[in-house]
Amino acid sequence: MSLSGIVNLVQTALELGLLCSLTVLALFLSYSMLNVCDLSTDGCFTLGATVGAAVALAGHPYLSLPAAMAAGVVSGFITSLLQTKMGVNSLLAGIIVNTALYSVNIAVMGSSSVMNMNKTETVFTKMRALLDGTVLQGQSKLLVALLAAAAVAVILGLFLKTRLGLAIRATGDNADMVRSSSINPAFTTIVGLCVANAFTALSGCLLAQYQKSVNIDIGTGMVTIALASLLIGGVFLGRRALPLRIFGMILGAFVFRLVYTVALRFDMPAFMLKLVSSVVVVATISVPYLKRQYPLFKRRMQHGRRRA
């Protein structure tokens, strides 16, 4: 592969990694901070993509971003309501909402499974027009992805340092302690999931406009991809200060997308990519554990040789 080919590969992985890092940051908030495994991620990602595409097709590319986030807030609110007010298990609540969102997304897409945006103005085409005639014109997609990831990372970092953000973090650590401190854990769970799903929907909206198309399966497997990226980021910067941990999530998304892109370059069939995601998740979880267990395994082997 030529040098220009390698540069293009890395840039593509960086662009997609930055866009998908918004979902990783959402999972960081819900899973790592709030200690809630939200399985509605796939459906919420698709919801953001479809709502954003519908608004962009109506001629409002900038308005598509807050519209997608608002749809994500509604999705997060319903998921959290099932958990906190209706006694539904968090995993089951996510599955229920994810299933229901399939029908909602089809309805938003006008009973179709594909939305074509080839002739539609998007935030990426707007940025390219804005940079027309400058040296950055060819980097418009990367610039939009970078601005989006930086904005969400800063907002999340500042939010988690507020009183409400600290209450959300405390809820994830010990809900009973939070309750004894006169803080309603149901309220913090609702707010946390609404914010997380807003980020997920924004990620879907931007990816749809990046690809210039939406299909009903655009969000399939996103929870696995985001979890893998989150775990990879945790390996790099998992025990550092909060700003570095947030940066680690973005770095993890880039590394995962780089692996994905390299796999595609080696002509791996598209249907095998989900298997790659699963293998990366298993490896990310198992390798640190096996590394910790290795000294014990080594001692057992030595003890067995002595007895023999």
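Everything below is about the structure printed above this text.
These numbers were taken from a predicted model, which means no experiment stands behind them.

About the criteria used
Residues numbered from 1 in each chain as written. Predicted model: local features only at pLDDT ≥ 70, side-chain atom pairs only at ≥ 80, totals over all residues. Heavy atoms only, no water. Helix = DSSP H or I, 4+ residues; strand = E, 2+ residues; numbered from the N terminus. Rg over C-alpha atoms; globule rule 2.2 N^0.38 Å. Buried < 20%, exposed > 50% of the residue type's maximum accessible area, 1.4 Å probe, protein only. Contact = heavy atoms within 4.5 Å. Patch = residues over 30% accessible without salt bridge, like charges linked within 9 Å, V, L, I, M, F, W, Y side chains within 5 Å. Areas by Shrake-Rupley, 256 points an atom, 1.4 Å probe, with all protein chains shown as cover. Salt bridge = Lys/Arg side-chain N within 4 Å of Asp/Glu carboxyl O. Phe/Tyr/Trp six-rings, centres within 6.5 Å; stacked < 30°, edge-to-face > 60°. Lys NZ or Arg CZ within 6 Å of the ring centre and 35° of its normal. Core = buried A, V, L, I, M, F, W, Y, C linked by side-chain atoms within 4.5 Å. Lys, Arg positive; Asp, Glu negative; His and termini not counted. Axes fitted to C-alpha atoms, helices over the stretch in contact; angles between N-to-C directions. Parallel < 35°, antiparallel > 145°, perpendicular 65-115°, else oblique. Nonpolar A, V, L, I, M, F, W, Y, C, P; charged D, E, K, R; others polar. Expected span 1.5 Å × (residues − 1). Disulfide = S-S within 2.5 Å.

Asks: Which parts of the structure should I look at to understand the overall build of the protein chain?
Replies: Helix and strand counts for the protein chain stand at 12 helices and 2 strands. Each helix (α) and strand (β) of the protein chain, taken in turn from the N terminus, gives the series α-α-α-α-β-α-α-α-α-α-β-α-α-α. On C-alpha atoms alone, the protein chain measures out to a radius of gyration of 21 Å, which is about the 19 Å that the 2.2 N^0.38 rule sets for 308 residues. Seen through its principal axes, the protein chain has C-alpha atoms that stretch 75 × 60 × 35 Å. By the burial criterion, 46% of the 308 residues in the protein chain qualify as buried. In the protein chain, the proportion of contacts linking residues at least 24 apart, taken out of those at least 6 apart, comes to 77%.

Asks: So what exactly am I meant to see when it comes to a nonpolar patch on the surface here?
Replies: Together, Val-74, Phe-77 and Ile-78 make up an exposed nonpolar region whose accessible area comes to about 260 Å². Mapped onto the fold, Val-74 is located in helix 3 (residues 64-84). Residue Val-74 is classed as partly exposed on the basis of its relative accessible area of 49%.

Asks: When you look at the packing of aromatic side chains in this model, what are you seeing that I'm missing?
Replies: In this description, a pair of aromatic rings is defined by centroid distance and the angle of the planes. Counting across every chain of the model gives 1 aromatic pair. Ring centres 5.7 Å apart and planes at 75° place the aromatic pair Phe-124 and Tyr-210 in the edge-to-face group. With Phe-124 in helix 5 (residues 123-130) and Tyr-210 in helix 9 (residues 185-211), the pair connects residues that are 86 residues apart, well separated along the chain. Taken as a pair, Phe-124 and Tyr-210 share a single burial class, namely buried. When the ring centre of Tyr-210 is taken as origin, the NZ or CZ atom of Lys-141, which lies over that ring, is 4.8 Å away.

Asks: How should the nonpolar core be read in this particular structure?
Replies: A general feature of soluble globular proteins is that nonpolar side chains tend to end up buried together. Residues Leu-25, Phe-28, Leu-156, Leu-160 and Val-214 are the most contacted members of the largest nonpolar core, which totals 66 residues. Listing elements by their share of this core, those giving two or more residues are helix 1 (3-33), helix 2 (41-57), helix 5, helix 6 (140-159), helix 9, helix 10 (222-237), helix 11 (242-265) and helix 12 (273-307). A total of 12 residues in this core trace back to one element, the largest contributor, which is helix 1. Sequence-distant contacts of Leu-160, defined by excluding residues within four places in its chain, comprise Phe-28, Leu-29, Met-33, Gly-165, Leu-166, Arg-169 and Leu-242. Val-51, Ala-71, Leu-101 and Ala-201 belong to the second largest nonpolar core, which has 11 residues in total.

Asks: Quick question: what am I supposed to make of the side chain of Lys-212 here?
Replies: As for its position among the elements, Lys-212 is in the loop between helix 9 and strand 2 (213-215). Despite its burial, Lys-212 remains without a salt bridge, the nearest opposite charge being carried by Glu-121 at 6.7 Å.

Asks: Can you help me understand the packing of helix 7 (residues 163-173) against helix 9 in this one?
Replies: Between two packed helices, the angle of one axis relative to the other and the distance separating the axes together describe the packing. It is at 9 Å that the axes of helix 7 and helix 9 come closest, and there the two elements cross at 105°. Our classification of the angle between helix 7 and helix 9 gives roughly perpendicular. On helix 9, the residues that touch Leu-164, Ala-167, Ile-168 and Thr-171 of helix 7 are Pro-185, Phe-187, Thr-188, Thr-189, Val-191 and Gly-192. Grouping the amino acids of the contact of helix 7 with helix 9 by side-chain chemistry returns 6 nonpolar, 4 polar and no charged.

Asks: Even after reading the chapter, I still don't get the side chain of Thr-122, so can you show me in this structure?
Replies: Inspection of the secondary structure puts Thr-122 in the loop between strand 1 (114-116) and helix 5. Setting aside anything within four residues of it in sequence, one finds Thr-122 in contact with Pro-61, Met-117, Gln-209 and Lys-212.

Asks: Is there a simple way to think about helix 2 in this case?
Replies: Within an α-helix, residues lying three or four positions from one another point in the same direction, as the helix has 3.6 residues per turn. Its 17 residues place the ends of helix 2 24 Å apart at the C-alpha level, agreeing with the 24 Å of an ideal helix rising 1.5 Å per residue. Burial analysis of helix 2 places 15 of its 17 residues in the buried class, which makes it a mostly covered element. Phi turns positive, to about 100°, at Gly-59, one or two residues after helix 2.

Asks: Would you take a moment to explain the pattern of salt bridges for this structure?
Replies: A side chain of one charge can pair with a side chain of the opposite charge if their charged atoms are brought near each other. Here the structure, examined in full by the defined rule, presents 1 salt bridge. With a closest N to O distance of 2.9 Å, Asp-176 and Arg-179 form a salt bridge. Of this pair, Asp-176 and Arg-179 both sit in helix 8 (residues 175-180), 3 residues apart, which is roughly one turn of the helix. Here Asp-176 falls in the exposed class, since its relative accessible area comes to 55%.

Asks: Looking at this structure, I do not really get the state of the cysteines. What am I missing?
Replies: The term disulfide refers to a covalent linkage connecting the sulfur atoms of a pair of cysteines. For the coordinates displayed, the defined rule picks out 0 disulfides. Residue Cys-20 stays outside any disulfide, its sulfur separated by 13 Å from that of Cys-205, the closest cysteine. Summary of cysteine pairing: Cys-37 is not part of a disulfide, and the nearest cysteine sulfur, belonging to Cys-44, is at 14 Å. Residue Cys-37 is classed as partly exposed on the basis of its relative accessible area, which comes to 28%.

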